Amino acid sequence: RRRPRSERSERSLRSAASAKSLGGSPAALDRQHSPLSIPKTATRRSALSTELGEESCRRTPEVQRLAMHVVDVVLEELGMRRSSLKTICLNQHSAKTVTRLQFVNILDDLCKASASLELLDPDQSEPLIAAYEWLATRCFTKKNRDVPVHYKHIFRRLILEHILYQLVTNQGVTLRTLFQKMDKGQYGFVTTERLRQVFGQLGISDQEISALMEFVDAPRGTIRYRDLFEMTHETGASELWNSFSSKFPEETDESAPKTIRAVVCITRHGARFPLKPFPEDIHWPVKSEFWKTYGGKLTPVGVIQHEDLGKTMRRKYLEEEGLLDPQDPDIGKYVHVFTSNSDRCLMSGQAFLQGMFPDVPFSFCSDDQKIQHELTGIVMRVQCDKDYTPVLHGFKHNPRYDFLKKKVFSSATEYDEWAKQPKMELLVEKLWKMTGFLKLSPLGNDNIKRLQCLTSVKQQIDIERAHKLPILHNSHDLCLDSREEKLIQKVTEFTFRYRYTGRSEEDQKELSRLATGLLPQAVVAKLDAATKDSRAGKGHFTLFSAHDNTLMALLAHMGFRDYPIPYFAAALCFELHWCDRTEEFFVRTRYSADPREQPLDLPEDRKQHVKSFKLPATSGIPWHLREEGDMLYSDFKRILMEERKSFISHEEWQLAAQAEEEAPEGTRQPAEDDLDDDVGDEVFNGDAVAGIATPKHRRRQASGSGHSDSVLSGTLPL
């Protein structure tokens, strides 16, 4: 049953190349000098035992390749028959089970019996022992390292290791892409004949396929994706699809006390079309039909931005942190996506998922839809009504917030000072000629009003720059310079922040509390659920696809005053970790205002690395004075919910949102459509977030402050 001598000779040459890459010599050595031919003495057994006891497995690609060659040799010596392994176990140990050390000795004996590994130098046994140890960690879990394992489990594991390594390294497939390749018609199942056919096309030998099929449970001759996953998961092989395709660190730190349990990510949508055209800006159509169809919608550039953001999250949280197994058929239970009915938010969420989970299907349901059966893959909950929600739009339909906003802008002396500056007056006049924007017209608008409307100009500049267009290109051939753009940025960033921070710390507390609505409670509800999840090695990921105003309101509510303004595809992430040493949960908060400058997955030695920061004890803290580092989850929850007095129910927010006073006449404030022009006319009713309860029926107020919000009344498995 052994392969022809010629094939074995070719394999020996390949082994020599592998040995040479690991530091060995390609020169042929006598068999008695090979480290594999050392007699089975107590010294040799003690040496192997010492090596294994030191946990010296270096999970480098070189060691992994050598380990896979060892598996190749072992399966060849066994003739691809598990009965051969059974005979060895009974003859050597009088049992069908073997311990970790006995397993390593069997590997050593089988390799010694083969001519394929005899070219290693006598002093190069360390890489081979590391390969043995790597295989031992695959067959014996860390918790059960001292428990004997049945020979069937070991044989199945060796077969899977060998097949999956070939598929990933040679074909670049994952478990999901493999199943999709077999199930081209997307029927949800494949036949055993189809499985054999595809495996054969991918270069898997008939013997390996036959050995694998012994472990496939297909009574009706059909296999679902879940069956394939459970077959690999039962032996612990499911993580191979991720480990083989990921970059291994040079050393594995198994003593790291911190493990990630959950991530809640709030993003701004990607680049979009303008909501409305500037008459003098020649980049865009002037007909209203275009803007009725495309105004405010996500562009292909925005899709790419969020797909790249999803890829960044995949590298950081799936490949590096190991938060989730993307091959898990139940991944939809642990990944939650919430978005408004706004096209740019919905499409951004889709692109994000495509980047983070490229092989996982996703489906859609309305926010108030009760799911009667299991949906496929990840579910995106979409608001389908025309009311705002206090989860992502607490600043909308909020009379109390509107009153306070008018009040603080009436006391904003900065606009008066800027309006008196000649350079500002010249800038506004130039922008009026460049854009033709009526709110910048000197007719009927004083300079203060014109300055406050520069937010629309700033949005237009960001949109055109994202699409690599000359900014504010116009028929008058006027151009902005960097000095003028800095003036625009100075005024608009003040306006963007001032609506949530106001003049004083007390202004900031009340404005941001009303504007951020129920989002803090939604974040805490998700993190709380993760603290109660006893499943080992599985985390949670939640995405809120939202707007820049959503992020700015939350950052102000967290206590910061001059936070960076979120660019397209900005992301605010709350990471929940567990510390084994202190046996406590802690939170890492990261904010990437501009993923072009600060991607979240940059290593710590890079200057642009996004460092975690703590929530300040009080509001009004300058961004540059924020305290970096981690904070206990109990402190995070106390500050965000209790100290900041965050709303815990829709009724509480609705009561606080009622107008108590009327704004004084003549109050100067930015126009509503300019302040919130990133939100536009699309609205967001809500998503099902567990942990927040409201009555089934709500009375809508004539003022518009009452919102039908099933995010508060529905539930979603966490």
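### Looking at the packing of aromatic side chains
One pass over the full model with this rule turns up 27 aromatic pairs. Between Phe 273 and Phe 290, the ring centres sit 5.7 Å apart and the planes meet at 90 degrees, which makes this aromatic pair edge-to-face. Of the two residues, Phe 273 sits in the loop between strand 5 (258-268) and helix 13 (288-294) while Phe 290 sits in helix 13, which places them 17 residues apart along the sequence. For the pair Phe 560 and Phe 613, a centre-to-centre distance of 5.4 Å together with 85 degrees between the ring planes defines the contact as edge-to-face. One end of the pair, Phe 560, is in the loop between helix 24 (548-558) and strand 10 (571-579); the other, Phe 613, is in the loop between strand 11 (584-592) and strand 12 (631-632), and 53 residues separate them in sequence. Three or more aromatic residues link up through ring pairs in this structure, and these residues are Phe 273, Trp 284, Phe 290, Trp 291 and Tyr 294. For Arg 497, the ring lying beneath its charged end belongs to Tyr 563, and the centroid distance is 5.9 Å. Lying over the aromatic face of Tyr 567, Arg 596 brings its terminal NZ or CZ to 3.8 Å of the ring centre.

### Some points on the packing of helix 21 (residues 482-501) against helix 24
Describing two packed helices takes the angle between their axes plus the distance from one axis to the other. Between helix 21 and helix 24, the least distance of the axes is 9 Å, while the angle of their chain directions is 55 degrees. Relative to helix 24, the element helix 21 is oriented oblique. As for the relative orientation of helix 21 and helix 24, their crossing is right-handed in sense. Along the contact surface, helix 21 presents Phe 496, Arg 499, Tyr 500 and Thr 501, while helix 24 presents Asn 549, Met 552, Ala 553 and Ala 556.

### Points about the nonpolar core
Counting residues in hydrophobic clusters, the biggest one holds 83 residues, and the most contacted among them are Leu 431 and Met 558. Residues Phe 103, Tyr 132, Trp 134 and Leu 135 belong to the second largest nonpolar core, which totals 62 residues.

### Notes on helix 14 (residues 300-320)
Taking 1.5 Å per residue as the helical rise, helix 14 with its 21 residues ought to reach 30 Å, and the 29 Å between its terminal C-alpha atoms agrees with that figure. Along its length, helix 14 shows its largest kink, about 30 degrees, at Arg 314. Listing the buried residues of helix 14 in full gives Gly 302, Gln 305, His 306, Leu 309, Gly 310, Thr 312, Met 313, Arg 314, Lys 316, Tyr 317 and Leu 318. Gly 322, located one to two residues past helix 14, shows a positive phi value of around 65 degrees.

### Let's talk about the pattern of salt bridges
Taken as a whole and assessed by the stated rule, the structure comprises 22 salt bridges. Across the pair Glu 652 and Arg 513 runs a salt bridge, and its minimum N-O distance is 3.8 Å. Of this pair, Glu 652 sits in helix 26 (residues 650-656) while Arg 513 sits in helix 22 (residues 505-516); the two residues are 139 residues apart in sequence, bridging distant segments of the chain. The exposure class assigned to Glu 652 is partly exposed, which follows from its relative accessible area of 30%. Of the charged contacts, one joins Lys 611 and Glu 628 as a salt bridge, the two residues approaching to 3.8 Å between their closest N and O atoms. One end of the pair, Lys 611, is in the loop between strand 11 and strand 12; the other, Glu 628, is in the loop between strand 11 and strand 12, with 17 residues separating them in the sequence. Among the residues examined, Glu 628 registers a relative accessible area of 43% and is labelled partly exposed. Taken together, the shared-partner salt bridges connect Asp 635, Arg 638 and Glu 643 into one network.

### Structural notes on the side chain of Glu 208
With respect to the helices and strands, the residue Glu 208 is situated in helix 10 (residues 206-213). Exposure remark for Glu 208: the relative accessible area of 3% places this residue in the buried category. Beyond its immediate stretch of four places on either side in the chain, Glu 208 contacts Met 80, Ile 159, His 162, Ile 163 and Gln 166.

### Some remarks on the pairing of strand 6 (residues 335-339)
Each regular strand displays side chains that alternate between the two surfaces of the sheet. For strand 6, a buried count of five out of five residues is recorded, marking the element as mostly surrounded by other parts of the structure. Of the two faces of strand 6, the one lined by Val 335, Val 337 and Thr 339 and the one lined by His 336 and Phe 338 are each fully buried. Here strand 6 runs beside strand 8 (residues 378-382); their pairing, made up of three bridges, is parallel. The residue bridging Phe 338 from the neighbouring strand is Arg 381, located in strand 8.

### Here's the deal with the packing of helix 8 (residues 175-182) against helix 9 (residues 192-201)
Between helix 8 and helix 9, whose axes approach to 10 Å, the crossing angle comes to 115 degrees. What the angle tells us is that helix 8 and helix 9 run roughly perpendicular. The handedness of the crossing between helix 8 and helix 9 is right-handed. Contact residues: helix 8 offers Leu 178, Lys 181 and Met 182, while helix 9 offers Arg 194, Leu 195, Val 198 and Phe 199.

### Some remarks on helix 15 (residues 343-356)
Counted at 1.5 Å a residue, the expected span for helix 15 with its 14 residues is 20 Å, and the 20 Å between its end C-alpha atoms agrees. Among all positions in helix 15, only Arg 344, Cys 345, Ser 348, Gly 349, Ala 351, Phe 352, Leu 353, Gly 355 and Met 356 are buried.

### Observations regarding unusual backbone geometry
Positive phi is not limited to glycine here, since Ser 94 has a value of about 55 degrees. Its location among the elements puts Ser 94 in the loop between helix 4 (82-93) and strand 1 (97-98). A positive phi is found at Lys 645, a non-glycine position, where the angle reads about 55 degrees. With respect to the helices, strands and loops of the structure, Lys 645 is situated in the loop between helix 25 (633-643) and helix 26.

### Overview of the environment of Phe 229
Mapped onto the elements, Phe 229 comes out in helix 11 (residues 225-234). Distance from Phe 229 to Gln 327, taken between C-alpha atoms, is 7.4 Å for residues 98 residues apart in sequence.

Criteria and cut-off values
Residues numbered from 1 in each chain as written. Predicted model: local features only at pLDDT ≥ 70, side-chain atom pairs only at ≥ 80, totals over all residues. Heavy atoms only, no water. Phe/Tyr/Trp six-rings, centres within 6.5 Å; stacked < 30°, edge-to-face > 60°. Helix = DSSP H or I, 4+ residues; strand = E, 2+ residues; numbered from the N terminus. Lys NZ or Arg CZ within 6 Å of the ring centre and 35° of its normal. Axes fitted to C-alpha atoms, helices over the stretch in contact; angles between N-to-C directions. Parallel < 35°, antiparallel > 145°, perpendicular 65-115°, else oblique. Left-handed = near helix turned anticlockwise from the far one by under 90°. Contact = heavy atoms within 4.5 Å. Core = buried A, V, L, I, M, F, W, Y, C linked by side-chain atoms within 4.5 Å. Buried < 20%, exposed > 50% of the residue type's maximum accessible area, 1.4 Å probe, protein only. Expected span 1.5 Å × (residues − 1). Bend = angle between axes of the 7 residues up to and from the residue. Salt bridge = Lys/Arg side-chain N within 4 Å of Asp/Glu carboxyl O. Pairing = 2+ DSSP bridges.

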